[in-house]
Amino acid sequence: MTKARITRIAGAIAEAQPLGDAALYELVEVGERGLLGEVIRLRGDVATIQVFEETSGLALEEPVRRTGSSLMTQLGPGLLGSILDGVGRPLQGLAGQSGNFLAAGMTMPTLDPKARWSFSPTAKPGMVVRGGDVLGVIEERPDMMHRILVPPGIEGRLEDIRGGELTISDSIGALEDGTALSLSHTWPIRERRPMARRLPGDRPFITGQRVFDLLFPVVEGGSVAVPGGFGTGKTVIEQSLAKYAKADVMVYIGCGERGNEMAEVLHDFSRLTDPLTGRPIMDRTILIVNTSNMPVAARDASVYLGMTIAEYYRDMGYHVAILADSLSRWAEALREIAARLQEMPGEEGYPTYLANRMSRLYERAGRVESEGEPSRTGAVTFITAISPPGGDFAEPVTQAALRVVGALWALDPRLAHQRQFPAVDWDTSYSLYAETTTEWFGKEGGEDWPKLRTETIRLLQRDRELREIAGLVGVEALEDSDRLVLEGARIAREFLIGQNAFHPHDAFSSVFKTYHLARLLWALMSTGTAALGEGVAFDKLDLAAVRVAFGAVKTASPETLEQRIADAGQRISEMRGE
Amino acid sequence: MTRIDVPIARTYAGAASAAGPLIFVHSTKRAKLGEWVYIETEGQEDRRGQVIDVGTEVTVIQIFEDTLGLKPATSKITLTGETATTIAGRDLLGRALSGTGAPLDGLPPPIGEARLPIWGAPINPVRRHHPSDFIETGVSAIDGMNTVVRGQKLPVFSGPGLPGVELAADIVENARPTRGEPFAVVFAAIGITERETQSFVSRFRESEVMERTVLFLNQAADPTIERLLTPRVALTTAEHLAFTHGVHVLVVMADITHYAEALREVAAAREEIPGRRGYPGYMYTDLAGLFERAGVLKDSPGSVTQLPVVTLPDDDITHPIPDLTGYITEGQIVLSRELHQRAIYPPVDVLPSLSRLMNAGIGEDHTVGEHREWADQLYAIYARGREAKLMAAIVGREGLTPGDRRALDFIDEFEKSFIHQGRSRRGLEDTIRIGWSLLETLPRDELTRISDESWEARRRSASGKEGS
Ligand SMILES: Nc1ncnc2c1ncn2[C@@H]1O[C@H](COP(=O)(O)OP(=O)(O)OP(=O)(O)O)[C@@H](O)[C@H]1O
Ligand SMILES: [Mg+2]
């Protein structure tokens, strides 16, 4: 057989010949340095390859080698706390090989082959097992049980199973047919992992951001699009969620974004603890990093890699949140590759299959019953930042996302310029999960949660109408009751919806704090309305003191929170003066 | 594995065709992507080019000089076997060089310490140090409201005719570290006018800053495609100074808009599918290849800080050039035509301006403890005042609430006494003080961003100073 050689190179794309017997999406090693690449088109005996590493310096006629499999990732203990590039190489390890700067052609396994894990089997020899059954557990991190499952697609009688201090490639036993079992297996990242069945979402993903938890909630297993122009706060939202939201595992994908942001994530995450469990954040986090100057094809892979790892922990029965920043860079990588292939472009140069790819990707999120025994439910929640050109949502990526997501958190540059953060435009944002989560919030947040939610939304809507009118006639010309609405909405924007991601006690809002701020707002509006009804003039209401009291609740530490809430209640009841 | 020997240099007689800045060569043996090329045409100066697409049938070479008069059929084309490199070293300091590093100052070419590939390699994100060293630029709108740190990339968004380059020059002149740390400036002129270049350079000629400066000058009259090289040559030089010699380097690149236009020209010549407004779909990735070269490394002194200047075509911030830039850089300083017309200098519009790395560089350990609250409060009132101003234009001042009226008065004072400072350098202490004195004209209960602790501390220090 003649050896395949490079016949063309342009950007991240290479062609090689003869390679007609390769499979679509087969992984290949390109050139003498063995750069990782993937076959994305086959025509006759010419294979078109997208190369996941820097191609400059690659020459015509260099060899191309098949690997026989598609792009796989290793799955097993040791993923938590790791920092991987788009194709799954640990960046710390790469730094050990190439120093401060990345070089092409390095290899490095995702999981540490030498690390030893204390494995306790729960399955017994003689049992018939199949894909998804729990074989045993490892305490991957303190209080974090990593369940070792029979890999998907395998079935048979367990001949032997053993525990001990093992590496990921040591044998933990075998099936009667000889199938070997170990603590890890590999999975093709572009393929979704199987599950027993999909389940509807039932409980909210607690984000710790009032504007989301109160107004635009998302369920565990839900998906959200977070579009916004540059500087509107997408990354701050993704990072805040990664730090403070409630999930068993967080997969943070920095896709085509900034190196300094990743340095910040690494810096912050290694110092922070989970507000709910008190454990280091990194213990529950996996970072996948492909900055904007790293190879573009690996951006495409990074999202699938993150999704596959998330599904893997989901299958163990965990709730995993994926924070992807930004999915637009992933879509642009598709566009860049498609352009090099001279494919017929669709809208704005994106390939015609963009929407299809996107919906298949979003469909991998969800709440599921896992395969195997004992029965487990898990969920993958998918929160995706989107970077629309010029901040205009009428563009293919935002639009394709909106067709599949359950919630839209639309960010508005005008609000961002006013430093109203999170700059969520409450007029265009929506959540289809609001109904589903009402029950949980009613039970855990407070009985009147649904009412407070509706009242807050109504206040904001009324505010918008009034501001339009006020823009024509002046605020002074408005009725007192309308001025109360304007003032109430100002307080809502500043203290209820507004949240400072850099304030130690404001960055995260417990359900308790969110509930009470909403409740205080409602108390303010009803007390104020009553006072006006009794003939008190608007100008006589002591709103300044109320505003200060709201501010104190917003930034209260957990220890002082109840006192501050009581104080604010007091101010509200006294605001009509004597 | 058999090793393929790429011959060091191969010369071919004649290209098949040429289009704009591109020539197309048939059957080049083992051409490499990114390979550096010389083109000799009789009776003309040699041209330089780079392989941008290799194929067994056709190899595409992008030429950096003007192709006017180029005769493809009779030219000699030499593929060098190497990718583009530049000389880097401390002896470049004080030199004025062309956009690709040839001497323009009548001195012999620099000898340098290393020959480095200009395309650089991405910094491994885990080797990055999170930037947090405050740079005092002497400009209130920046130091106070949009603080810059070492390792940041913060562009100036300027409209045509607005003083973007001047502001960059102010910053460079003022931002010298006082602690005697090694410091250098690398200035990449990319297609800007002789006048703009001179206004930049003459500022430093007299001072010792020039000795610490490397100038790479591709001016308006110079070949447009060379503009694709200039920032890379400059950044390679900067990285070498920063990460080999531990120097804090400030890189000014003006004007990124000209760079992007050169990129578009090549894309058009390749008949690529154009993206928004004719700019190529990979422009984000390409610009990121420049801007991401800013940073600080762990366990290594030195830093590369970038101050690119971007001219907004038609003052339009949604134009692809500023838009993609803003998506890559860590904020932006936006100049306002309205302030400029009112002779406010620097005419910084603080509302759309932003420094994303500000938080790490301010506070007790870096600037002053209350910095964040103080800036948030100034922003909040300024934003409210600007809204009130719009409203007042319709309903008149009388239609506003007393709070809005106060905010309206505030913005005037703020622009006149805080933003406006002329060419003089203003220390951080003065910036903070002026900000406080503006805030103190307002009732305490309107200053909701200011905590009681900061307020009390401010009271105490203010009365302490009066007392002494
Ligand atoms: N909740 C918040 N609290 C305080 N400041 C915020 C908040 N959200 C955003 N900001 C401010 O806005 C800046 C920009 O936010 P961010 O970097 O998240 O924008 P982005 O939408 O990710 O932009 P890009 O698309 O360019 O990456 C931050 O650096 C910060 O100063
Ligand atoms: Mg971002």
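Residues numbered from 1 in each chain as written. Chains lettered and ligands numbered in written order. Predicted model: local features only at pLDDT ≥ 70, side-chain atom pairs only at ≥ 80, totals over all residues. Heavy atoms only, no water.

Q: What is the right way to read the sheet that holds strand S16 (residues 248–254) of chain B from this model?
A: Two modes of strand pairing occur in sheets, parallel and antiparallel, and in both the strands are linked by backbone hydrogen bonds. Residues and elements named next belong to chain B. The 8 strands are arranged S9-S15-S14-S16-S17-S13-S18-S19 in an open sheet whose pairing can be described as mixed. This sheet does not close on itself; its edge strands, each paired only once, are strand S9 (96–98) and strand S19 (354–355). Direction of pairing for strand S13 (residues 156–158) relative to strand S17 (residues 303–311): parallel, over a ladder of 3 bridges. Looking at S17, one finds that Ser158 is bridged to Thr311. With respect to the sheet, helix H4 (residues 230–245) is in contact with strand S14 (183–192), strand S15 (213–219), S16 and S17, its orientation differing from that of S14 by roughly 175 degrees. (Pairing = 2+ DSSP bridges. Helix = DSSP H or I, 4+ residues; strand = E, 2+ residues; numbered from the N terminus. Contact = heavy atoms within 4.5 Å. Axes fitted to C-alpha atoms, helices over the stretch in contact; angles between N-to-C directions.)

Q: I tried to follow the sheet that holds strand S14 (residues 164–166) of chain A on my own but got confused; where do I start?
A: Residue and element names in this part refer to chain A. Read from one edge to the other, the open sheet built from 4 strands follows the order S12-S11-S9-S14, with strand pairing classed as antiparallel. In this open sheet, the two strands that pair with only one neighbour each are strand S12 (144–149) and S14. Within this sheet the neighbouring strands show an average axis-to-axis angle of 35 degrees, counted without direction. Bridge count between strand S9 (residues 117–121) and S14: 3 bridges; the pairing is antiparallel.

Q: Is there a simple way to explain the interface of chain B and chain A in this structure?
A: Often, the extent of an interface is quoted as the loss of accessible area on bringing the components together. Each side of the interface is counted separately: chain B has 81 residues, and chain A has 83 residues. Interface area for chain B against chain A, summed over the two sides, is near 6600 Å², with a carbon-plus-sulfur share of 56%. At the junction of chain B and chain A, the tally comes to 5 salt bridges. Close ionic contact of Glu387 of chain B with Arg467 of chain A constitutes a salt bridge, the shortest N to O distance being 3.8 Å. For the interface between chain B and chain A, the tally reads 32 residue pairs in polar contact (both at pLDDT 80 or more). Breaking the side of chain B that touches chain A down by element, the ones donating at least two residues are strand S5 (47–55), helix H6 (283–291), helix H7 (320–328), helix H10 (371–395) and helix H11 (402–419) of chain B. For the side of chain B that touches chain A, the element with the most residues is H10 of chain B, which contributes 8 residues. Residues that form the side of chain B that touches chain A fall into these classes: 36 nonpolar, 22 polar and 23 charged. (Buried area = accessible area lost by both parts, 1.4 Å probe. Salt bridge = Lys/Arg side-chain N within 4 Å of Asp/Glu carboxyl O. Polar contact = N/O pair within 3.5 Å; in protein donor to acceptor, adjacent residues only side chain to side chain. Nonpolar A, V, L, I, M, F, W, Y, C, P; charged D, E, K, R; others polar.)

Q: Whenever I open this one, the domain arrangement of chain B confuses me. Can you help?
A: Residues and elements named next belong to chain B. Along its sequence, chain B is organised into domain 1 (10–83), domain 2 (86–361) and domain 3 (371–467). Placing a centre on the C-alpha atoms of domain 2 and another on those of domain 3 gives a separation of 32 Å. Taken together, the contacts link 29 residues of domain 2 with 25 residues of domain 3. Among the residues domain 2 hides against domain 3, the three largest losses belong to Ser140, Met145 and Leu351. Together they make up 26% of the total. Taken together, the connections running from domain 2 to domain 3 amount to 4 salt bridges. A salt bridge links Arg423 to Asp170; the shortest N-O distance between them is 3.4 Å. Applying the counting criterion to the domain 2 and domain 3 interface returns 21 residue pairs in polar contact (both at pLDDT 80 or more). For the side of domain 2 that touches domain 3, the secondary structure elements donating two or more residues are helix H1 (140–143), helix H2 (164–174), helix H8 (337–341) and helix H9 (358–361). (Domains from an automatic or database assignment.)

Q: So what exactly am I meant to see when it comes to empty space enclosed by the protein here?
A: Empty space among the atoms becomes visible once a probe the size of a water molecule is rolled across them. Per the counting criterion, the structure on display carries 4 cavities of 30 Å³ or more. In this structure, the largest cavity is lined by 17 residues; those nearest its centre are Arg335 and Pro389 of chain A together with Arg276, Gly281 and Leu324 of chain B. Of all the secondary structure elements, the ones that give two or more residues to the lining of the largest cavity are helix H6 (327–340) of chain A together with H6 and H7 of chain B. If you tally residues by element for the lining of the largest cavity, the top one is H6 of chain A, at 3 residues. Among the residues forming the lining of the largest cavity, the class breakdown is 8 nonpolar, 3 polar and 6 charged. Empty space within the second largest cavity amounts to approximately 80 Å³. If you go around the second largest cavity, the residues you meet are Gly131, Gly132, Leu149, Val150, Pro152, Arg193, Pro194, Met195, Asp315, Ser370, Glu371 and Arg376 of chain A. Here the lining of the second largest cavity is composed, by residue class, of 5 nonpolar, 3 polar and 4 charged. (1 Å grid on protein atoms, 1.4 Å probe; cavity = no way out; pocket = protein on both sides within 12 Å on 5 of 7 lines; lining within 4 Å. Points joined across faces, edges and corners; volume = space filled by probe spheres on them.)

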